[in-house]
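# Observations on the model geometry
Residue strings, one per chain:
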Amino acid sequence: MATEHVYLTTPIYYVNDNPHIGSAYTTVVCDVLARLNRFYGKKVLFLTGTDEHGQKIEKAALAKGQAPQAFVDEVSQKFKDLTQILGCENDIFIRTTEPRHYKAAQSIWQTIFDKGLIYKSTYEGWYAIRDEAFYQESELVDGKAPSGAEVEWVVEESYFFKLSAFQDQLLDFYEKNTGFIMPDSRRNEVISFVKSGLKDLSVSRKSFKWGVPVPNDPDHVMYVWFDALTNYITALGYPDVTSDTFKNFWPQTIHMLGKDILRFHAVYWPAFLMAADLPMPKRIFAHGWWTVEGQKMSKSLGNVVHPSDIINMAGLDALRYFFIREMPLGSDGDFSATALKQRYHSELGNAYGNLAQRVLSFIAKNCESKVPGKHDLHEADQQLLDESMKVFHDIKELVDNQATYKYCEKLLHLVSLANQYVDFQKPWSLRKEDPIRMETVLWVLVQIIKRISFLFQPILIHGAGKILAFLNVPEDQRSSSYYDACLEGGHPISQPEPVFPRLED
Ligand code: MSP
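Residues numbered from 1 in each chain as written. Predicted model: local features only at pLDDT ≥ 70, side-chain atom pairs only at ≥ 80, totals over all residues. Heavy atoms only, no water.

### Describing the site of the ligand
Formally: For this purpose, a residue is taken to be near a molecule or strand whenever a single non-hydrogen atom of the residue falls within 4 Å of it. Contacts described as polar in this section are N or O atom pairs within 3.5 Å, which, within protein, must combine one atom able to donate a hydrogen with one able to accept it, while residues neighboring in sequence count only if both atoms come from side chains. Surface accessibility follows the Shrake-Rupley procedure with a 1.4 Å probe radius. Residue values consider only the protein chains on display as shielding.
The environment of the ligand is formed by 22 residues, the closest being Ile12, Asp51, Gly258, Asp260 and Trp290. Between the ligand and Ile12 there is a distance of 2.8 Å, counted from a nitrogen atom to a backbone nitrogen or oxygen. Here an oxygen atom of the ligand and a backbone polar atom of Tyr14 are 3.1 Å apart. Expressed as a share of its isolated accessible area of 670 Å², the protein-covered part of the ligand is 92%.

### So, helix α2 (residues 55-63)
Heads up, the condition is: The rule is simple: take the accessible area with a 1.4 Å probe, protein chains only, and divide by the maximum for that residue type; under 20% is buried, over 50% is exposed, in between is partly exposed. The secondary structure listing takes helices from DSSP runs of H or I that are at least 4 residues long and strands from runs of E that are at least 2 residues long, numbered from the N terminus. Any two residues whose heavy atoms approach within 4.5 Å at even a single point are treated as in contact.
Residues Gln55, Lys56, Ile57, Glu58, Ala60 and Ala61 constitute the buried set of α2. Looking at the buried side of α2, the elements it contacts are β2 (13-14), β3 (43-51), α3 (68-85), β5 (118-128), β7 (152-161) and β10 (204-205). Note on α2: the residue one or two positions beyond its end, Gly65, has a positive phi of about 70°.

### Structural notes on the pairing of strand β13 (residues 253-258)
Worth spelling out the cut-off: Any two strands with at least two DSSP-identified bridges between them are counted as paired. Crossover handedness is defined here as right-handed if the route from the first strand over the helix to the second strand goes clockwise, with the strands pointing away from the viewer.
Burial within β13 is extensive, with 6 of its 6 residues counted as buried. In this sheet, β13 lies alongside strand β1 (residues 5-9) in parallel orientation, the contact comprising 3 bridges. Along β13, the bridge assignment pairs Tyr7 with Thr253. With helix α10 (residues 262-275) bridging β13 and the parallel strand β14 (residues 283-287), this β-α-β connection has right-handed handedness.

### Describing the layout of surface pockets
Put simply, the rule reads: Buried and open spaces are told apart on a 1 Å grid over the protein atoms alone, a cavity being a set of points where a 1.4 Å probe fits but cannot get out and a pocket being an open set with protein on both sides within 12 Å along at least five of seven lines. Residues with an atom within 4 Å of a point are the lining residues. Grid points are joined across faces, edges and corners, and a volume is the space filled by probe spheres set on the points. Three residue categories are used. Nonpolar comprises Ala, Val, Leu, Ile, Met, Phe, Trp, Tyr, Cys and Pro, charged comprises Asp, Glu, Lys and Arg, and polar comprises the others, including Gly.
Its volume calculated, the second largest pocket comes out at about 440 Å³. Surrounding the second largest pocket, 22 residues form its lining, Phe134, Tyr135, Gln136, Lys199 and Asp200 being those nearest its centre. Broken down by secondary-structure element, the contributors of at least two residues to the lining of the second largest pocket are β5, β6 (133-135), β7, β9 (201-202) and α10. The greatest single-element share of the lining of the second largest pocket, amounting to 4 residues, is contributed by β5. Split into classes, the residues belonging to the lining of the second largest pocket amount to 11 nonpolar, 5 polar and 6 charged.

### Brief notes about the sheet that holds β10
If you walk across this open sheet you meet the 3 strands as β10-β12-β11, and the pairing is antiparallel. Unpaired on one side and paired on the other, β10 and β11 (213-214) mark the two borders of the sheet. Two strands pair when backbone bridges link them, and β10 and strand β12 (residues 217-222) are joined in this way by 2 bridges, in the antiparallel orientation. Its bridge partner being in β12, Arg205 is matched across the sheet by Val221.

### A closer look at the sheet that holds β9
Overall, antiparallel pairing links the 4 strands, which are arranged β6-β5-β7-β9 in an open sheet. Looking at which strands have only one partner, the edges of the open sheet turn out to be β6 and β9.

Structure, rendered in structure tokens:
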């Protein structure tokens, strides 16, 4: 069977400000999905990066008294460093100020222009710099953008993209491809927006310079979203669409993004692609937003949470785990240090960590640090082993739907079944009463702890690996093809140390 491909993308982050947990969230979700897909044997490309043009960035640079290029170099580096700090294994980090991106953005512009789908006129209307978005009068709420951003009246010569010409084609596409926009509630939202009528979109600006120059008209720079969305194909080598990378990965694209930027991804981007005769990505997945301790996160409220602070307090695994476990992808969620600690202690420390700790230290102490031999399997043993295979197959399916929350739930359920099994089988009592039975019970538990740890690897990039190291599973034997391979009697077990130590208050 041919290897399946998956191309996972985060939005590219605006560099007007430093990263926070909102931006860290999508990157971690994509990293977990990338690792899961790789685990199940797929070929993955994982892209993240920074969005460095537009009026908002130019303003931020000016406010700091820096030239835009120097400013974006500095802030982009912070985002790049953050992907490392978050333990992310992205294959590409793209910056929209790179020459390869200018080439791609100008090329797609030219293609669309040559087809008569971009024309020059005058834009007259509202613009919100913070959102880098145009708004209709009817969309304004109390004189502001629906997001609360200030708007200004703009009258400017501008190039327009004939978005209106794509209304029917878009609706037809959404109808035929029901999994294109996820979750369903968001899909309906997009469909009703498109049905309400699409106006042509202003795609260039003349009143400032910080952008990709429009081909053959250097007075204009591209509207930042036109340039930004193109990053996804720049990274695959566009304008060359003949490479294997482009052909294999592009149709398997999963764009992950926040609900606030769905319209750009689910309406404008597909229309640009249709206009350029390029294939569609596979899916646009819009996730929800984090509030912090019940409140919107904002600089003015002074409640912006920085990932590094959480990592310093609780460790990287705790943060990654909380991101996946607390908020079903698509819903909103609340970020609080108390909830994070509580989940860390009860689900990682007490449930998973303790399971490994008590079983492996018991083996180290009572079985000469070796996996005991397996004898007759009882029904309870077989049930638990079967369940671990079922979870493996269920998660494989969940990954194809980006159902990260359910994946975590399934895995926790297996942890809880394993703990119940320990409590019920009581290996420590069996040691005197029935040592042969004790050996089988411990053998079963070793296999289960190994399997749970295999499946936790994409989230708990440190903890799961440590437990697999206590089990002496070689690093090159931790992928799905080794999932059901058993650690047989005599296999060495190292003395474990606590993997999820309690956090201080
Ligand atoms: N530059 C554009 C994206 C261009 S993609 C071609 C942009 N950048 S952003 O930095 O403002 O936002 C990046 C992502 O962070 C968005 O998906 C947004 O939803 C997400 N988040 C920002 N704050 C967030 C929360 N509080 N919670 C969850 N995600 C949030 O938009």
